[in-house]
Every structure is written in structure tokens, then in C-alpha cells.
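The chain contents come next:
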Amino acid sequence: MSLFEHTSLFTTGQPATIHYDLPDAEVTLYKGFFHKEDADRLYTSLLKDTNWKQEDITVYGKTYPTPRLTAWYGDPQTAYTFSGSKWEPYPWNADLLFIKEKVEKAAGATFNSVLLNLYRNGADSVGWHRDNEEELGRNPVIASVSFGETRPFHIRHKFRKELARMEIPLTHGSLLLMAGPMQHYWEHQVPKTAKPISPRINLTFRFVHKTTS
Ligand SMILES: O=C(O)CCC(=O)C(=O)O
């Protein structure tokens, strides 16, 4: 069964690994990082088995429902603060540990938690932000895995407005590694679209330094 178009070296003739040459950032995209069979299986089971919730987000003192569903998983006692909310993690499950092990090898880093986002349709999105929370430390390595509908990942330099904004298509089964000082200098977003599209799942693996007692 073919759920989503799957981009790899073998289907496009394009390089499967792209290193983006950007100031103040180390960004590498691995297309088809997961084989199509694994990507299809993980998409289906994560969609069904994740503890998805629509959390509230507070922006400039006003509270809104987040325009996507989220879930936070990780080692015991890793808690994550995002937009004024503190999330306690659910324990790892077999799918998440399978993905984590593969991305840790590629990243040469270890992760103790993962934020999952479910973009149900084109009205779901995430606005411009940096993953620069204090508990992620200086120059965090963030491994971003995508399953399902391809959505464009926009990045822009926060301080050097003369640099062009970039769009990276995050395809089914891809891995995007973000490292170096990127989270201090570059913002990212996944914009809304009016197109009728299928759901997309994104997982960002992180290492949270500060733990709760
Ligand atoms: O869905 C994505 O690709 C981005 C998710 C994101 O920005 C985040 O989790 O901080």
C-alpha cells in the first residue's frame, strides 16, 4: 500500500542528503531516511496510538487553542516548558524508541525527549519561533522526523534581514538535523495552506538538561 509519495535517491536521482550552506547554522536534510515500509507503518501507528491533545498557547497575554495536536514523550523527570505551559512526558513506547535509536546514530547525539506535532490538515500550523528554551542548552542538536503529507519548513535569520528566507520540503520519512548556533539565530515555521491535504506528523527529538525534582 502506498500512503504518501516517498522521496529517496532511487526515485528522484537527486542526492538523498543535502547540507545547507547557511551562516550561523548547521542544517542537513536526509530524504527517505526511513524506508517507505517503515515510514508508512510508523505514520499509521503514531497517528492512532499517540496521546494527542490540543493544548492552549498564550501569546502576548491572550490564550488560544494551539493550531495542531501535540504530545510530549521522554525519560522520566524530563519536563518541558513551552509558551508558558509545563509538560510532563509520557513514557517512551516501541515506535518512538525505534525512531530515536536511528536518529541518534545519524545525529551522533543522544536525546531524552521528543515533541510530537500532528497537523491534521492545512489549517494546522506552527508560527515563527526558535527552539531556544533554556533547558535545551547552548547550540542544541534537534532531530526533526516527518511522516505523512509534505509540508514546507520555512526558516529565516532573526537578525540578518538581508538573508533570503528558505523553504525546505519535509517529505514522508525524512530527517532534518539542526545544529550549531541555529536555534539562537534562525526562526522556523510551518505555515497554513488552503490546499486540501492529508495529516502530517512531525517529531522533534531534543535533550532537556534541566529536570524536575
Ligand atoms: O513540524 C515541524 O516541522 C516543526 C515543528 C516545530 O517547529 C517544533 O516542534 O518546534
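Look a little higher up for the structure.
Now for a quick tour of the structure. If you're wondering where the values come from, they're calculated on a predicted model, not measured in any experiment.

Points about the overall build of the protein chain
Looking only at helices and strands, one finds four helices and 15 strands in the protein chain. Expected size for 213 residues packed as a compact globule is a radius of gyration near 17 Å; at 16 Å, the protein chain falls within 12% of this value. Considered along the principal axes of its C-alpha atoms, the protein chain spans approximately 45 × 45 × 40 Å. Taken across its 213 residues, the protein chain has 34% of its residues classed as buried. Within the protein chain, contacts between residues separated by at least 24 positions form 75% of all contacts whose residues are at least 6 apart in sequence.

Some words on the sheet that holds strand β2 (residues 26-30)
Ordered in space as β1-β2-β13-β10-β15-β8-β5, the seven strands form an open sheet in which the pairing is antiparallel. In this open sheet, the two strands that pair with only one neighbour each are β1 (17-20) and β5 (69-74). Neighbour-to-neighbour, the strand axes of the sheet open up by a mean angle of 15°, direction not taken into account. With five bridges joining them, strand β10 (residues 142-148) and strand β13 (residues 174-179) adopt antiparallel strand pairing. From the neighbouring strand, V145 faces β13, where its bridge partner is L175.

Cut-offs applied
Residues numbered from 1 in each chain as written. Predicted model: local features only at pLDDT ≥ 70, side-chain atom pairs only at ≥ 80, totals over all residues. Helix = DSSP H or I, 4+ residues; strand = E, 2+ residues; numbered from the N terminus. Rg over C-alpha atoms; globule rule 2.2 N^0.38 Å. Buried ≥ 20, exposed ≤ 12 C-beta atoms within 10 Å, placed from the backbone. Contact = placed C-beta atoms within 7 Å. Pairing = 2+ DSSP bridges. Axes fitted to C-alpha atoms, helices over the stretch in contact; angles between N-to-C directions.

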